[in-house]
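Notes for the structure review
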Amino acid sequence: MAQKKVKPRISSLPLENTHKKQEKAFVKDNVLVYNRCLSVNELAKYLNLNPTDIIKFLFMNKKMVAINDTLSEDDMGVICLEFGFDFEKEDEVSLENFEHIKLVDNPKDLKPRPPVVTVMGHVDHGKTTLIDAIRSTHVVETEVGGISQAIGAYQKEINGQKITFIDTPGHEAFTAMRSRGAAITDIVVLVVAADDSVMPQTKEAIDHAKAANVPVIVAINKIDKVGINVEKVKSDLTSLGIIPEEYGGENLFVEVSAKQKIGIDNLLEAILLVSEMKELKANPNRYAIGTVIEAKLDKGEGPKATLLIENGTLKFQDFVVVGSSYGKIRKMTNDQQKVLKSAGPSTPVSIIGLSEVPHAGDPFIALDNEKTAREIATLRRLVKEDEARGEVQSASIEDLYSRLKEQNLQFINVIIKADTTGSAEAIRGALEKLDVGGVKVNILSHGPGAITEGDILLASTSDAIVYGFNVRPNAVVQARALEEKVEIRLHRIIYALIEEMEKALRGQLKVEKVEKVNATAEVRETFSASKLGTIAGSYITSGVMKNNQSVRLIRNSIVVYEGKISSMKRFKDDVKEAREGYECGIVLEKYNDIKQGDIIEGYEMVDKK
C-alpha cells in the first residue's frame, strides 16, 4: 500500500526523548499520525473504536487477529480508510542527523511560548540601545567601538508575558550571524534611523527576514533628532516591499527614540499583537532541542555555549549533544547570570559542561544518558571530519587551477583567534572577501580561544600572520613568536582589523603606530577602599609599571578592560612607578571588577620603522 508523506520526529529515535512517555500515535484533523505499528487494542483506542469492530472487519477480509496482536502497516492503513480516517507515518531519522527532525507534537501537549524577536538593522542605527531601553540595562557602553560584535540574547517580561530578544550586529562583517538570527526567530524588528533611512545592512536584514518568512515590525528610531523625515523612511521601505498598514500593507511601523525611551511601550504592544496572531506554541514536556547562539572557551569554566531552546525543556544535569560535542550540564544560567534548574521553550541560556567548544549555529539536543550522547557526538564528528577532508582536497585542486589560470595571484596566509566563534567566523568571512590587485587572504585556521604555541608553529611553517581579536598571547607564546619571527596583530574592533589588512594589501602601511608592551603585573590580592574603589595588590613580573600609563586587564587570555592606571601605591604611599620583582597596589581608572589571577599589561604606542 502506498504510504503517505512521512514526517520525522524526535520520538522516532531509538530512545525516550521526552520528559514524559511519548505517545506512539495521535489523531489530528482526522489523520492518524503514528511512528510504529500498533496493536488492535491500541489502534482502537486512538480511533475511538471498539476493538471488536476492527477484529470483525479483518475477519471479513480473511484475517484472524486477537486484541493484543500487532498489526502490519498495510492493515493499519486499510482499517483507517474503512473507518473514515487518513493516516501518516513518521520516518526514522539517523542519530547523527537529529537536526533534520521535524517535530510533530500531539496538539494536547502544546503550550503557549514566548516569541523570539530578532532586532536587525544597519550599523549605528540604535539596535542595542533599543534593547537597552527595553531591558533598562547598559549593554552598549561595554561594546568596543559602540557596535555589537556578537549575537546577544535577552529575555524580558512585559505585562506578565515574556519576550526573547536577539540582538544581531549591524556591521557588514556579520552577514552570516544575522542570517543565523533570522533562521531561529519568530518576529523581526527592523531598526531604521530616521536621519539615515535605508542603508546597505537594512536591505540585507530585509532579505534575511523574507527568506525566513517571518513578519517584520519597523522601529523608526532617533525621532528625537531635528530635521528628520519619517515619511521618507516609509517611502524607502515601501520600495523594498516593507509596506506600512496605513499604505495598505501588512507591516506595523512604530516611531521610537531608544535614547530618550520614547515609544518603547508602543513597540512592545506591537510585538505582543503580532505574537498573538501567530499563536506560538511548543511542547515543554520533551527533552529540549535548539540552536547555539554563541560559544567560547572560558579558561576558568571550560567550553561555554549560549543556547536558544526552540522546543522542550532543558534541565540542569541533562546530557546534551551540541554540534559534534557532548556533555552533562554542570551549570545553566540566564542572561542575568541567574542559575537555573530548568528552562522552557524560547529561553536563551548559557551552559557549561561540554567536551569542546561548539560553533555558533550548531544544533543541540538533550538526551537521557551519557552513552547515547557520546555515541551521537562521535558519529557527528566522524562525518564532519570526512566532509572537511573532502573540502580540503577540492580546495587544493581549485587553488592549483586558479594559480595556473591567474599567474599573478598571490596569497597572504592568516590565522585567526578570537574570543567567540561568531567573531572568528565574521573576521574570516570579511578577510576572504578582500581582493586587492590580485592578492587575496588565505585563512589557514580560525576559532575561539587564546593564541597558543601551536598557532605560532603553524604560522612559522606556513609564513602566516596571526590575528588576535579580544584575546592576548601569554609571555611564553610571545617569546615563541619572537623566536620564530611570527607577527601577531591584536585588535578589539573588527572593522579596524579589516581596514588594516586592506591597507596592507594596497601597500599603504608604511609608517604606523604599533603597540609595545613595557610591563606586566599579576594580581595576587584585591582590596576595597571607599575613596579609590578596588585596589589590585600586584606583583610586577616584567618591566616597569608607571602611574597614569595605558594598560589592559587580561582574564583567562581575554581582554576585559582597557584604560589607564589612576594611582599606584606601595604600602600607604603614592608611587610613580614599580619595577620587576616588586609589589604594589594598582587602581584602574573607572574600573573595579578586578579578580585574583588577572594580568595587568602596561603598553605604549611607538612608531614602527
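My aim in this report is to walk through the structure given alongside it, one point at a time. Here the residue numbers are simple positions, counted from 1 along each chain's written sequence. With pLDDT at 70 or above as the cut-off, local features in this predicted model cover only qualifying residues; side-chain atom pairs require 80 or more to be listed or tallied, and sums for whole chains, interfaces and linings still use all residues. Computation of side-chain values covers all heavy atoms of the structure but excludes hydrogens and water.

Let us look at a nonpolar patch on the surface. Nonpolar side chains (Val, Leu, Ile, Met, Phe, Trp, Tyr) within 5 Å and like charges within 9 Å form the patches, drawn only from residues with over 30% relative accessible area and no salt bridge. Using the Shrake-Rupley algorithm and a 1.4 Å probe, accessible areas are obtained, with residue cover drawn only from the displayed protein chains. Whenever a carboxyl oxygen of Asp or Glu lies within 4 Å of a side-chain nitrogen of Lys or Arg, that contact is scored as a salt bridge. A contiguous nonpolar patch, built from Phe59, Met60 and Met64 and spanning about 410 Å² of accessible area, is present on the exposed surface. Helix numbering and strand numbering both begin at the N terminus, where a helix is a DSSP run of H or I of at least 4 residues and a strand a DSSP run of E of at least 2. Examined against the element boundaries, Met60 turns out to sit in helix 2 (residues 51-60).

Further remarks concern the pattern of salt bridges. Scanning the entire structure with this criterion turns up 21 salt bridges. In this structure, Lys232 engages Asp236 in a salt bridge whose closest nitrogen and oxygen atoms are separated by 2.8 Å. Separated by 4 residues within a single helix, Lys232 and Asp236 lie in helix 7 (residues 230-238), roughly one turn from each other. Residue burial is assigned from relative accessible area. The probe radius is 1.4 Å, only protein chains are included, and a residue is buried under 20% of its type maximum, exposed over 50%, and partly exposed in between. What makes Lys232 partly exposed here is its relative accessible area of 43%. For Asp236, a relative accessible area of 22% corresponds to the partly exposed category. The shortest N-O distance in the salt bridge between Glu356 and Arg381 comes to 3.7 Å. With a gap of 25 residues between them, Glu356 in the loop between strand 18 (348-354) and strand 19 (363-367) and Arg381 in helix 9 (residues 370-405) connect regions that are remote in the sequence.

The contact between helix 1 (residues 40-47) and helix 2 brings their axes to 8 Å, and the two run at 120°. Our pair here, helix 1 against helix 2, has a crossing hand that is right-handed. The segment helix 1 lies against helix 2, with Val40, Asn41, Leu43 and Ala44 engaging Pro51, Ile54 and Ile55. Residue polarity follows a fixed list, in which Ala, Val, Leu, Ile, Met, Phe, Trp, Tyr, Cys and Pro are nonpolar, Asp, Glu, Lys and Arg are charged, and the others, Gly among them, are polar. Class assignment for the residues of the contact of helix 1 with helix 2 results in 6 nonpolar, 1 polar and no charged. Fitted lines through C-alpha atoms serve as axes, helices being fitted only where they are in contact, and the angles separating the N-to-C directions of these axes extend from 0 to 180 degrees. In this scheme, a crossing is called left-handed if the near helix is turned counterclockwise away from the far one by less than a right angle; it is called right-handed if the turn is clockwise. Only heavy atoms enter the contact rule, under which two residues are in contact if any of them lie within 4.5 Å.

Next up on the list: the packing of aromatic side chains. Any pair of Phe, Tyr and Trp rings, taking the six-membered ring for Trp, is counted once the centres come within 6.5 Å. Such a pair is stacked with planes under 30 degrees apart, edge-to-face with planes over 60 apart, and tilted for the rest. If you walk through the whole model with that rule in mind, you get 2 aromatic pairs. Seen in terms of ring centroids, Phe57 and Phe83 are 6.1 Å apart; in terms of plane orientation they differ by 70°. Their pairing is edge-to-face. One end of the pair, Phe57, is in helix 2; the other, Phe83, is in the loop between helix 3 (73-82) and strand 3 (86-89), and 26 residues separate them in sequence. Taking relative accessible area as the criterion, Phe57 reaches 15% and is therefore assigned buried. Judged by its relative accessible area of 27%, Phe83 is partly exposed.

On to the nonpolar core. Working definition of a nonpolar core: buried Ala, Val, Leu, Ile, Met, Phe, Trp, Tyr and Cys residues. They are joined through side-chain atoms within 4.5 Å. Counting 26 residues, the largest nonpolar core has Leu130, Phe165, Val189, Ile217, Leu267 and Ile271 as the members making the most contacts within it. When residues of this core are traced back to their parent elements, those giving at least two are strand 5 (116-121), helix 4 (127-135), strand 6 (152-158), strand 7 (161-167), strand 8 (187-193), strand 9 (216-221) and helix 8 (264-278). For this core, the leading source of residues is helix 8, giving 7 residues.

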